[in-house]
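Here's the letter readout for the chains.
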Amino acid sequence: MGRLFSTVEYGRKIIFSEKEAALRAIDSIAAIHSAVEKKRGAKIPEWAYRDVLFLLIDYSIRSYEVLERELILAEKEEVFDVFNRLGTRMGIKGLPENYRAYEIMREEHLEQDLEYSKLTKDLYKQYRKHLGPMRFQILKEAQTLVSPPRVRELLNFRKVSLLSPVIVVYKLSRFIKLNYIMRDIFLPSEYKKEIRELDSIQINKCPYSNV
């Protein structure tokens, strides 16, 4: 969970900061990865960087559409453009030139490069250990909401999440200011401070889109 919030914090610095601060955050991420490579004595392959970047694009779109509304093509292209600029700044090679090219590369990756391995099994074992049985089940249902069909198939998830009705209730709860209560019920209390800090951002435009 701590790792999750540190990742979110970097995301905030990139997406919700002014241009120069966003660039510094990206450079910091690149430096961290360089340090990891030096410590391991091996370079992280370019395809690994691309896979993570593609995941960020895909899940940013999917999660927004689950919680808000379906995005039009121009909005999806803007999401792609923001993350592609991030990847370019980090020096990732082999990035697609446009959103359509990204879609093709992402689909090829999903079909050809994924498998359910012993490491996948261990990862979910750790999720269960650290979240507890109830929150672990909520995590899997949330992943079902946003996962591509190929991922759901490999993880043996059902096609329709049990959280779908809950999402409807959550959307309604925002109008009467009860969404915070629902959120606090489901999320670990020791991270309430970090979770509430996410609510402090009120922004209408992503500054980094101008980089």
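Treat the numbers as computed from the prediction; the structure is a model and nothing was measured.

Thresholds, definitions, all that
Residue numbers here run from 1 along each chain, matching the order of that chain's written sequence. Local features in this predicted model are restricted to residues of pLDDT 70 or higher, and side-chain atom pairs are both shown and tallied only at a pLDDT of 80 or more, whereas totals for entire chains, interfaces and linings draw on every residue. To get the side-chain values, all heavy atoms of the structure are used, and hydrogens and water are removed first. Buried Ala, Val, Leu, Ile, Met, Phe, Trp, Tyr and Cys residues form a nonpolar core when they are joined through side-chain atoms within 4.5 Å. Burial here depends on accessible area, computed with a 1.4 Å probe over protein chains only, as a share of the maximum for the residue type. Under 20% is buried, over 50% is exposed, and the range in between is partly exposed. In this text, helices come from DSSP runs of H or I with a minimum length of four residues, and strands from runs of E with a minimum of two, each type numbered from the N-terminal end. Throughout, a contact is declared for two residues whenever any of their heavy atoms are within 4.5 Å. Side-chain rings of Phe, Tyr and Trp, where Trp is taken by its six-membered ring, are said to pair if the distance between their centres is within 6.5 Å; with planes under 30 degrees apart they count as stacked, over 60 as edge-to-face, and otherwise as tilted. Like charges are joined within 9 Å and nonpolar side chains (Val, Leu, Ile, Met, Phe, Trp, Tyr) within 5 Å, but only among residues with over 30% relative accessible area and no salt bridge; these make up the patches. Only the protein chains shown count as covering a residue, and every accessible area follows the Shrake-Rupley method with a 1.4 Å probe. Whenever a carboxyl oxygen of Asp or Glu lies within 4 Å of a side-chain nitrogen of Lys or Arg, that contact is scored as a salt bridge. A residue counts as positive if it is Lys or Arg and as negative if it is Asp or Glu; His and the chain ends are not included. Charged groups are reduced to one reference atom each: NZ for lysine, CZ for arginine, CG for aspartic acid, CD for glutamic acid.

> How do you make sense of the nonpolar core when you look at a structure like this?
A general tendency of soluble globular proteins is for nonpolar side chains to be buried together. Judged by nonpolar contacts, the single largest core of 21 residues is most densely connected at Ile14, Ile57, Leu86, Met90 and Tyr102. When contributions to this core are tallied by element, the ones reaching two or more residues are helix 2 (19-40), helix 3 (46-67), helix 4 (73-89) and helix 5 (99-112). In terms of residue count, helix 3 provides more of this core than any other element does, six residues in total. The contacts of Met90, once residues within four sequence positions are left out, are Ile26, Ile29, Ala30, His33 and Tyr49. In this structure, Phe136, Val151, Leu155 and Phe157 belong to the second largest nonpolar core, which totals six residues.

> Is there a simple way to think about the packing of aromatic side chains in this case?
Geometry of an aromatic ring pair is reported as the spacing of the ring centres plus the angle between the planes. The tally for this structure, following the rule as stated, stands at seven aromatic pairs. Arranged with centres 5.6 Å apart and planes meeting at 40°, the rings of Tyr99 and Tyr102 form a pair that is tilted. With Tyr99 and Tyr102 both in helix 5, this residue pair falls three residues apart, about one helical turn. For Tyr99, a relative accessible area of 8% gives the class buried. Aromatic pair Tyr124 and Phe136: ring centres 6.3 Å apart, planes at 75°, arrangement edge-to-face.

> So what exactly am I meant to see when it comes to the side chain of Gln143 here?
For Gln143, the position within the fold is in helix 7 (residues 133-146). You can call Gln143 buried: its relative accessible area is 18%. Aside from chain neighbours lying at most four places away, what touches Gln143 is Tyr124, Tyr127 and Phe157.

> Quick question: what am I supposed to make of a negative patch on the surface here?
A surface patch of like charges, here negative, comprises Glu107, Glu108, Glu111 and Asp113. Mapped onto the elements of the fold, Glu108 is located in helix 5. On the basis of relative accessible area, Glu108 is assigned to the partly exposed category, the value being 42%.

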